[in-house]
Amino acid sequence: MGKTTGFLEYKREEERYAPIKERIQHYREFTKSMTDDALKCQGARCMDCGIPFCHSGCPLGNLIPDFNDAIYKGNWKKAARILHATNNFPEFTGRLCPAPCEEACVLGINADPVTIEQIEKNIVEVSFENGWIQAVQPKNRTEKKIAIVGSGPSGLAAAQQLNRAGHTVTVYERDKKVGGLLRYGIPDFKLEKEIIDRRIAILKEEGIIFKTNTHIGIDIEASRLKEEFDAVLLTTGATKRRTLAVPGNELKGVVQAMDFLKQSNERVDGQVDIKEEILATKKNVIVIGGGDTGSDCIGTSIRQNAANITNFEIMPKGSLERPATQPWPYWPMRLRTSTSHQEGGERQWSISTKKFAGDGKGNLKAIHTVEVAWKKENEKWVLKEIPNTEKEWKCDLVLLALGFTGSETVITKQLGIEMGSKETIGASEKNYKTNIKGVFTAGDARRGQSLIVWAISEGRQAAYHIDTYLMGTSKLPLKGDGDLPRVN
């Protein structure tokens, strides 16, 4: 590394945010970029640790010490080449990834880890600003055609990789625009949709074909893809929502979080054909679920001027410190406070919903809850209600941010594909093949609900195996192998 004592000389710094009162007035991103000099110092903190555990922490196997060193030396273009060698879309991961690489950073054992995610985000933004990221069309085209169903990060990564191999790739998306959960699930204050659009423009220029408003299995029989294409990749996500099976869950005002977030994103995008408005404006909002989706619901509700917001989490309040049972370099389950949490709302832990109460006209008016505790019985953790802790909460809108239970089955039933564990699409761990010849799956559809960085990794791996299936061998990289430079 260029600065072997940098981790001793410089403290960790992160990008700053616009004031809360200012940023909640709009849906735009509100981060303030770090200066080049500040990022150089952060790159210098990478400590030449010998065994870079950040590689194993990153599902993509990003060459983190290499691009950190390039930033320290001021060679941004080299850093961009290194970063894009393993990551098709660092502008997404640099904004949305929870940074497992930082939790695995060796410096993090007894100090603050390197600011890897901020460096990654700034590398790609500098690259776009300087025009280094341009469309690269394959020198030769094969005669193979591939259909990809789903245009989320997994499908997009696979499409770009397979296009680079020279195949003709068509991506089908059931919504109006490309992007999947990146576009319709992530609020604009975390990812402005122009960031997606500029990357899609490059993918189109590279030769990838996109067909939107096309729901495979409904608009087009899945069997047609099997007949018309040499291979089919299903990257449809794990979109079956988890419900809350308690009395009153049919009341108007009990809403799935993704319905709320998608409609908000459509509204911000100027889409006007919204049939039934779901708004938090002037309402008492309760968000059930303490993960990222719940956090996004809080930030969105604040921007919609909710009367008040409460967040329920069935798990106990986590510690700020790494739990003893989750030692470095593993990902620790500890208390995390998002920018949306900082903006407002009240968080409640160890609380379980018993029922929803209506006003007699089919509308939600309250929630009944009970406090809970987790007890270990026969080596298993069991949820126990605490007596005399029942409570009623006034509520006009409940947002169920409970995660997803698995993949939708309309396509799998039409093609005769076997389902795997956790209601995901069944596929080989080695080559992403389903039980139907020529049909592959990747991303959340294969592994279940997961991170965007895992989705990109899965898409890249699936592309390698599809290329191998079609051509007998592949020059596409596997995890951490790197790729041909894609920065001009």
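You'll find the structure just up there.
Residues numbered from 1 in each chain as written. Predicted model: local features only at pLDDT ≥ 70, side-chain atom pairs only at ≥ 80, totals over all residues. Heavy atoms only, no water.

Draft legend 1. The arrangement of a nonpolar patch on the surface in detail. On the surface, I314, M315 and L383 cluster together into a nonpolar patch covering about 220 Å² of accessible area. Note on placement: M315 falls in the loop between strand 10 (308–313) and helix 16 (339–343). For M315, a relative accessible area of 39% puts it in the partly exposed group. (Patch = residues over 30% accessible without salt bridge, like charges linked within 9 Å, V, L, I, M, F, W, Y side chains within 5 Å. Areas by Shrake-Rupley, 256 points an atom, 1.4 Å probe, with all protein chains shown as cover. Salt bridge = Lys/Arg side-chain N within 4 Å of Asp/Glu carboxyl O. Helix = DSSP H or I, 4+ residues; strand = E, 2+ residues; numbered from the N terminus. Buried < 20%, exposed > 50% of the residue type's maximum accessible area, 1.4 Å probe, protein only.)

Draft legend 2. View of the sheet that holds strand 16 (residues 397–400). The 5 strands lie next to each other as 8-16-9-10-11, forming an open sheet whose pairing is parallel. The open sheet has two edge strands with one neighbour each: strand 8 (254–256) and strand 11 (346–349). The mean inter-strand angle of the sheet, taken between neighbouring strand axes irrespective of direction, is 20 degrees. Here strand 9 (residues 284–288) pairs with strand 16 via 4 bridges, running parallel. Considered in strand 16, the bridge of V285 is made with L397. The sheet strands contacting helix 14 (residues 257–268) are strand 8 and strand 16, and the helix crosses strand 8 at an angle near 70 degrees. (Pairing = 2+ DSSP bridges. Axes fitted to C-alpha atoms, helices over the stretch in contact; angles between N-to-C directions. Contact = heavy atoms within 4.5 Å.)

Draft legend 3. Just the pairing of strand 14 (residues 380–385), in detail. Two strands pair when backbone bridges link them, and strand 13 (residues 364–377) and strand 14 are joined in this way by 6 bridges, in the antiparallel orientation. Looking across to strand 14, one finds that W374 is bridged to L383. The hairpin formed by strand 13 and strand 14 contains 2 residues between the paired strands, and N378 there has a positive phi angle of roughly 55 degrees.

Draft legend 4. Fine view of the environment of K422. Its place among the elements puts K422 in the loop between helix 17 (410–415) and strand 18 (439–441). Among the residues examined, K422 registers a relative accessible area of 68% and is labelled exposed. For the pair formed by K422 and Q449, sequence separation is 27 residues and the distance between their alpha carbons is 9.8 Å. K422 has contacts with T405 and G406, leaving out every residue within four places of it along the chain.

Draft legend 5. Molecular detail of the pattern of salt bridges. This structure, assessed with the given rule, holds 30 salt bridges. Its salt-bridge partner being R183, residue D197 comes within 2.6 Å of it at the nearest N-O pair. A residue pair is termed long-range when its members are at least 10 positions apart, and D197 in helix 12 (residues 193–206) and R183 in helix 11 (residues 181–184) qualify at 14 residues. Take D197: its relative accessible area is 36%, and that puts it in the partly exposed class. We note a salt bridge from R446 to E458, for which the minimum N-O separation is 2.6 Å. Of this pair, R446 sits in helix 18 (residues 444–447) while E458 sits in helix 19 (residues 452–471), and the two are 12 residues apart along the sequence. By the burial criterion, R446 is buried, and E458 matches it. Among the ionic contacts, a cluster of salt bridges with common partners joins E29, R95, E125 and R198.

Draft legend 6. Just the sheet that holds strand 5 (residues 209–211), in detail. Read from one edge to the other, the open sheet built from 5 strands follows the order 5-4-3-6-18, with strand pairing classed as parallel. Only two strands of the sheet have a single partner each, and these edge strands are strand 5 and strand 18. With direction set aside, neighbouring strand axes in the sheet form an average angle of 20 degrees. Where strand 4 (residues 168–172) lies against strand 5, 3 bridges are found, and the strand directions are parallel. Considered in strand 5, the bridge of Y172 is made with K211.

Draft legend 7. Structural view of the packing of helix 5 (residues 64–72) against helix 6 (residues 76–84). Put simply, helix 5 and helix 6 touch, their axes get as near as 8 Å, and they point 170 degrees apart. The angle between helix 5 and helix 6 places the two elements in the roughly antiparallel class. Counting all contacts with helix 5, which are made through D66, F67, A70 and I71, the residues of helix 6 involved are W76, K78, A79, I82 and L83. Counted by class, the contact of helix 5 with helix 6 contains 7 nonpolar, no polar and 2 charged residues. (Parallel < 35°, antiparallel > 145°, perpendicular 65-115°, else oblique. Nonpolar A, V, L, I, M, F, W, Y, C, P; charged D, E, K, R; others polar.)

Draft legend 8. Expanded view of the state of the cysteines. The tally for this structure, following the rule as stated, stands at 0 disulfides. C101 carries a free sulfur, and the closest cysteine sulfur to it, the one in C58, is 6.0 Å from it. Under the relative-accessibility criterion, C101 is labelled buried at 8%. Sulfur of C395: no disulfide; nearest cysteine sulfur belongs to C297 and is 12 Å away. (Disulfide = S-S within 2.5 Å.)

Draft legend 9. Looking closely at the environment of E385. Assignment of secondary structure puts E385 in strand 14. Each C-alpha atom of the pair E385 and A165 lies 56 Å from the other, and the pair is 220 residues apart in sequence. With near-sequence residues (within four places) excluded, E385 lies in contact with K354, V370, E371 and V372. A polar atom in the side chain of E385 sits 2.8 Å from the side chain of K354. (Polar contact = N/O pair within 3.5 Å; in protein donor to acceptor, adjacent residues only side chain to side chain.)

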